[in-house]
Each structure stands twice: as structure tokens, then as C-alpha cells.
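What the coordinates show
Each chain, letter by letter, is given below.
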Amino acid sequence: EPEVTQTPSHQVTQMGQEVILRCVPISNHLYFYWYRQILGQKVEFLVSFYNNEISEKSEIFDDQFSVERPDGSNFTLKIRSTKLEDSAMYFCASRRLLAGGREEQFFGPGTRLTVL
Amino acid sequence: SQKIEQNSEALNIQEGKTATLTCNYTNYSPAYLQWYRQDPGRGPVFLLLIRENEKEKRKERLKVTFDTTLKQSLFHITASQPADSATYLCALVRYNNNDMRFGAGTRLTVKP
């Protein structure tokens with residue numbers, strides 16, 4: 001069964017460094033998402049991406065964050081200058097086609113980001 | 001401000017009983033409500049989706065209700081099993097919107 005994959009599974013970085021988290025969504029999906037989950041807290045929406053552009057973003061997704069679909073398969077989240085509070089699990093998700101919340105999202109296993 | 005609240009942080013029940021989890025929301029008008037299961041260190045896994053004009057949805061041992069007047073959804077697991085132990089998340093989406101907002105989750109433990 002097709003699944004969303006994410007690399008790396010764990011990333012450790014120094015404060016102020018740039019990180020790129022990578023995702024390969026399910027191949028026939030058209031909507032892509034990034035979420036984060038700080039340890040012990042709820043899953044928080046960061047950004048949605050459709051047709052090669054951001055369709056929505058939350059208040060968390062500030063200028064330090066960017067997303068890209070550099071080729072036909074990868075979807076990346078870049079954090080330009082990491083802060084301690086960026087330490088969290090980052091989940092990528094994708095879904096097929098229907099607008100809004102009319103269908104499920106498929107989540108990847110997550111990348112645990114630790115900022116020292 | 002928008003709030004999505006799940007009734008309790010943790011719920012412990014005996015195997016075979018029905019687990020009932022609650023999701024309440026304020027200052028929000030969701031068109032769709034989804035329930036996900038999350039195991040420790042893993043991503044959420046979709047369980048059920050219910051639309052604002054639907055009152056109830058079932059799938060095997062799972063049942064979801066959605067009351068837009070009360071601004072509440074109930075999620076039931078009947079004949080619960082220890083394998084049902086996990087955190088259950090409700091998630092809301094507004095019509096033609098793409099940002100899905102999650103509640104904090106309820107950690108269910110089913111004891112044998």
C-alpha cells in the first residue's frame with residue numbers, strides 16, 4: 001500500500017542553522033501539508049500546498065519557514081535559522097484531490113527535529 | 001479565539017466496554033470533522049470523517065456523531081480491545097479550506 005515517507009527520521013542541529021526536512025507524498029496525491037507536534041502537545045497545522053504554491057498557512061509559518069516541491073516527487077520544509085522552540089516532530093501529509101476536508105489525509109512517520 | 005477541546009487527557013476503560021470520547025469546539029464552523037488515531041512516535045492515522053449535514057457515521061466498531069448545534073462530536077469504540085489503546089485526535093476543517101485544526105487528543109487505555 002502506498003505511503004508517505006519522510007527523511008531523516010531524526011535531525012539534530014545547532015541553533016541558528018538551516019535545516020531541510022524531506023517528504024515523498026503518495027504519488028497520485030495533489031495536496032501536501034506540513035504539521036508539527038511539540039512533545040506532549042497537539043498536532044499543529046503549518047502549511048498546505050497545491051499546484052506548486054502555498055494555499056494556506058498558519059500563524060506559526062513565518063518568514064523562517066519555506067516549502068518547495070523541487071521535482072515531481074519530493075516536498076520539502078526548510079527552516080532558515082532554527083530556534084530552540086522549533087524542536088518538535090514534523091509530519092508531512094498528502095491527500096488526493098477533493099477540496100477542503102472531504103477526504104482523509106495520509107501522514108508520514110515524522111521527522112524528529114532537535115535544536116541544541 | 002477558536003478552540004477545539006477533547007474532553008479528557010486520558011481515559012481508562014475495561015476491555016469489552018464502550019469508550020466514548022468527546023470533541024467540543026467554539027468560535028469555529030467546521031464543514032467536516034475527522035477522527036484520527038495516533039500511536040506514540042507515529043503519525044496520525046485516519047479513522048472516520050463526518051460532514052456537517054450528517055448526524056452519525058459508522059465503521060465496524062467505530063461510531064461518530066456530529067451535533068453542530070451543541071458544537072460537539074462523540075466518538076465511540078464498542079467492544080474495546082487492548083489494541084485500541086492509543087491517542088485519538090479530532091480534527092476540524094472549514095468548507096473549501098485546507099487548514100485542518102486538531103484537538104489535543106485523548107489518550108485511551110483499554111485494560112484486559
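For clarity, every value in this text was computed on a predicted model and none was experimentally measured.

1. Details of the overall build of chain B
Across its full length, chain B holds 0 helices and 11 strands. Each helix and strand of chain B, placed in order from N terminus to C terminus, yields the pattern β-β-β-β-β-β-β-β-β-β-β. Taking 112 residues into account, the globule formula puts the C-alpha radius of gyration at 13 Å, and chain B, at 13 Å, falls close to it. Counting only C-alpha atoms and orienting by the principal axes, one finds that chain B spans roughly 40 × 30 × 20 Å. Per-residue burial over chain B gives 48% buried out of 112 residues. Look at the contacts in chain B between residues 6 or more apart in sequence, and 55% of them connect residues 24 or more apart. When the accessible surface of chain B is split by element, carbon and sulfur atoms take 45% of a total near 5500 Å². A gap of 0 Å separates the mean positions of the 16 positive and 11 negative side-chain charges of chain B.

2. Here's the deal with the state of the cysteines
Structurally, a disulfide amounts to a covalent bond that connects the sulfur atoms of two cysteines. In total, this model carries 2 disulfides over all chains according to the counting rule given. Between the sulfur of C23 of chain A and that of C92 of chain A lies a disulfide, 1.9 Å long from S to S. Taking the sign of the S-S torsion, about -65° here, the bridge from C23 of chain A to C92 of chain A comes out left-handed. Of this pair, C23 of chain A sits in strand β3 (residues 19-24) while C92 of chain A is found in strand β9 (residues 88-95), placing the two residues 69 residues apart along the sequence. For the pair C23 of chain A and C92 of chain A, one class covers both residues: buried. Covalent S-S linkage joins C23 of chain B and C90 of chain B, the inter-sulfur distance amounting to 2.0 Å. Given an S-S torsion of about 60°, the disulfide between C23 of chain B and C90 of chain B has right-handed geometry. Taken together, the residues span a long stretch of sequence, with C23 of chain B in strand β3 (residues 19-26) and C90 of chain B in strand β9 (residues 86-93) at a distance of 67 residues. Of the two residues, C23 of chain B and C90 of chain B, both sit in the buried class.

3. Things to note about the side chain of R36 of chain A
Inspection of the secondary structure assignment puts R36 of chain A in strand β4 (residues 31-37). Setting aside residues no more than four positions away along its own chain, R36 of chain A makes contact with K42, V43, E44, L46, I60, E85, D86, A88, M89 and Y90 of chain A.

4. Re unusual backbone geometry
The omega angle of the peptide bond from T7 of chain A to P8 of chain A is -10°, so this bond is cis rather than trans. Notably, A79 of chain B is not glycine yet its phi reads approximately 45°, a positive angle. Looking at the secondary structure, you find A79 of chain B in the loop between β8 (72-77) and β9.

5. Re the packing of aromatic side chains
Per the counting criterion, the structure on display carries 17 aromatic pairs over all chains. Each ring, one from W34 of chain A and one from F75 of chain A, has its centre 5.9 Å from the other, and the planes form 25°; the classification is stacked. With W34 of chain A in strand β4 and F75 of chain A in strand β8 (residues 75-79), this residue pair connects regions lying 41 residues apart in the sequence. Of the two residues, W34 of chain A and F75 of chain A, neither departs from the other in class, the shared state being buried. On the basis of an interplanar angle of 75° and a centroid distance of 5.7 Å, the ring pair of Y36 of chain B and F46 of chain B is categorised as edge-to-face. Linking Y36 of chain B in strand β4 (residues 32-38) with F46 of chain B in strand β5 (residues 45-51), this pair joins segments that are 10 residues apart in sequence.

Calculation rules
Residues numbered from 1 in each chain as written. Chains lettered and ligands numbered in written order. Predicted model: local features only at pLDDT ≥ 70, side-chain atom pairs only at ≥ 80, totals over all residues. Heavy atoms only, no water. Helix = DSSP H or I, 4+ residues; strand = E, 2+ residues; numbered from the N terminus. Rg over C-alpha atoms; globule rule 2.2 N^0.38 Å. Buried < 20%, exposed > 50% of the residue type's maximum accessible area, 1.4 Å probe, protein only. Contact = heavy atoms within 4.5 Å. Areas by Shrake-Rupley, 256 points an atom, 1.4 Å probe, with all protein chains shown as cover. Lys, Arg positive; Asp, Glu negative; His and termini not counted. Charge placed at Lys NZ, Arg CZ, Asp CG, Glu CD. Disulfide = S-S within 2.5 Å. Phe/Tyr/Trp six-rings, centres within 6.5 Å; stacked < 30°, edge-to-face > 60°.

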